[in-house]
Amino acid sequence: NSGYLTNAESVKVAIRNYGYLPASNYEVGLIFNGNMVATEFVSDTIQPDSVQFHTFGTTVDMSAIGAYPFKIFTAYGLDTTFVNDTFRVVVQQLPRNDAAIIGFTGLDFPVCDSVLNAGIVIQNKGVDTLFSVTINYQINGGTTISINWTGALPPGQIEVVPFSSNEGVNGDNMLTAFVQQPNGVPDENGSNDLLSRPFSMVSSGTGIVLELLTDNY
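Residues numbered from 1 in each chain as written. Predicted model: local features only at pLDDT ≥ 70, side-chain atom pairs only at ≥ 80, totals over all residues. Heavy atoms only, no water.

**Student:** In this structure, what is going on with the packing of aromatic side chains? I would like to understand it.
**Tutor:** The description of an aromatic ring pair uses the distance of the two centres, along with the angle that the planes make with each other. Following the criterion strictly, the structure yields three aromatic pairs and no others. Taken together, a centroid distance of 5.5 Å and an interplanar angle of 10° make the contact between phenylalanine 32 and tyrosine 68 stacked. Separated by 36 residues along the polypeptide, phenylalanine 32 in strand S2 (residues 26-32) and tyrosine 68 in strand S5 (residues 66-75) bring together distant segments of the chain. Residue classification places tyrosine 68 among the buried positions, given a relative accessible area of 9%. Measuring from ring centre to ring centre gives 5.0 Å for phenylalanine 32 and phenylalanine 70, while their planes differ by 55°; the resulting arrangement is tilted. Of this pair, phenylalanine 32 sits in strand S2 while phenylalanine 70 sits in strand S5, and the two are 38 residues apart along the sequence. Overall, phenylalanine 70 belongs to the buried group, its relative accessible area being 9%. An aromatic cluster is built from Phe32, Tyr68 and Phe70, whose rings are joined through pairwise contacts. The positively charged end of lysine 12 is found above the aromatic ring belonging to phenylalanine 53, 5.1 Å away from the centroid. (Phe/Tyr/Trp six-rings, centres within 6.5 Å; stacked < 30°, edge-to-face > 60°. Helix = DSSP H or I, 4+ residues; strand = E, 2+ residues; numbered from the N terminus. Buried < 20%, exposed > 50% of the residue type's maximum accessible area, 1.4 Å probe, protein only. Lys NZ or Arg CZ within 6 Å of the ring centre and 35° of its normal.)

**Student:** For this particular structure, what's the right way to read unusual backbone geometry?
**Tutor:** One can expect most non-glycine residues to show negative phi and most peptide bonds to be in trans. Of note in this structure, asparagine 25 is not a glycine but carries a positive phi near 55°. For asparagine 25, the location among the structural elements is in the loop between strand S1 (12-16) and S2. You can call asparagine 25 partly exposed: its relative accessible area is 45%. Even without being a glycine, asparagine 140 presents a positive backbone phi close to 55°. With respect to the secondary-structure elements, asparagine 140 resides in the loop between strand S9 (130-139) and strand S10 (145-153).

**Student:** Could you clarify how one ought to interpret the nonpolar core in this entry?
**Tutor:** Side chains that are nonpolar tend, in soluble globular proteins, to be buried together. Grouped together as the largest cluster of nonpolar side chains are 24 residues, with contacts concentrated most on Ile120, Ile122 and Ile135. The greatest single-element share of this core, amounting to five residues, is contributed by S9. (Core = buried A, V, L, I, M, F, W, Y, C linked by side-chain atoms within 4.5 Å.)

**Student:** Help me understand the side chain of aspartate 85 in this model?
**Tutor:** Position of aspartate 85 relative to the elements: it lies in the loop between S5 and strand S6 (86-93). Contact partners of aspartate 85, with chain neighbours within four places excluded, come to Ile72, Phe73, Thr74 and Asp79. (Contact = heavy atoms within 4.5 Å.)

**Student:** Explain the sheet that holds strand S11 (residues 158-165) to me, please; I cannot follow it from the model alone.
**Tutor:** Neighbouring strands of a sheet are bound in pairs by backbone hydrogen bonds; such pairs are parallel or else antiparallel. Strand order in the open sheet made by the three strands is S7-S8-S11, with antiparallel pairing throughout. Pairing within the sheet leaves two strands with one partner each, and these edge strands are strand S7 (99-105) and S11. Each neighbouring strand pair of the sheet contributes to a mean axis angle of 30°, computed without reference to strand direction. Judged from the six bridges that link them, S7 and strand S8 (residues 116-124) form a sheet pairing that is antiparallel. Bridge pairing links alanine 100 to glutamine 123 in S8. (Pairing = 2+ DSSP bridges. Axes fitted to C-alpha atoms, helices over the stretch in contact; angles between N-to-C directions.)

**Student:** How do you make sense of the sheet that holds strand S12 (residues 171-180) when you look at a structure like this?
**Tutor:** With antiparallel pairing, four strands are arranged side by side in an open sheet as S10-S9-S12-S13. One side of each edge strand has no neighbouring strand; the edge strands of this open sheet are S10 and strand S13 (194-201). On average, each strand axis in the sheet is tilted by 25° relative to the strand beside it, whichever way the strands run. As paired strands, S9 and S12 are joined by six bridges and run antiparallel to one another. Along S12, the bridge assignment pairs isoleucine 139 with leucine 175.

Written out as structure tokens, the structure reads:
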């Protein structure tokens, strides 16, 4: 898997002779993404318990983000064991620039204040280091506030971006956040850009102090 696959990727396979006699004059085929790409004749001899590498003459396009199934097979007239003639594998083109919002902090309990002090949890789900991203948030569908985050977030790592807001109301609220422009380019995976979560505020509450007297147990 990689984030740097192109529209002209070579396909190289390893073919092992599991028999006790030399093998030659066989065919090797390539099915890519459900389509037959090539069937090529190989005349070279593979000695017993040896490996020969073969590169197909046709390249494949893996430039778009997604999963690509490969099916490689051999056809040899003297083959007596067919269970290992086919090999299947899925290779993924991963997004290079993919910032995700995966959660919030400070919302697990009612906010007993007129100001919300919370955090937006972002994760770098791309294969490139995340150096910048625009984080937007709004409360109850109100004004969108933008935070221009900068740093150096390695692939897979998370960071909590704190913020404060006085746009919440007494009672039930909804916080929505979304990210844009990781590393100054469009996000390559929009499915994880937005997250919403309800929370409650008690802006007119009164603080109390509890003094507990234990019985030494």
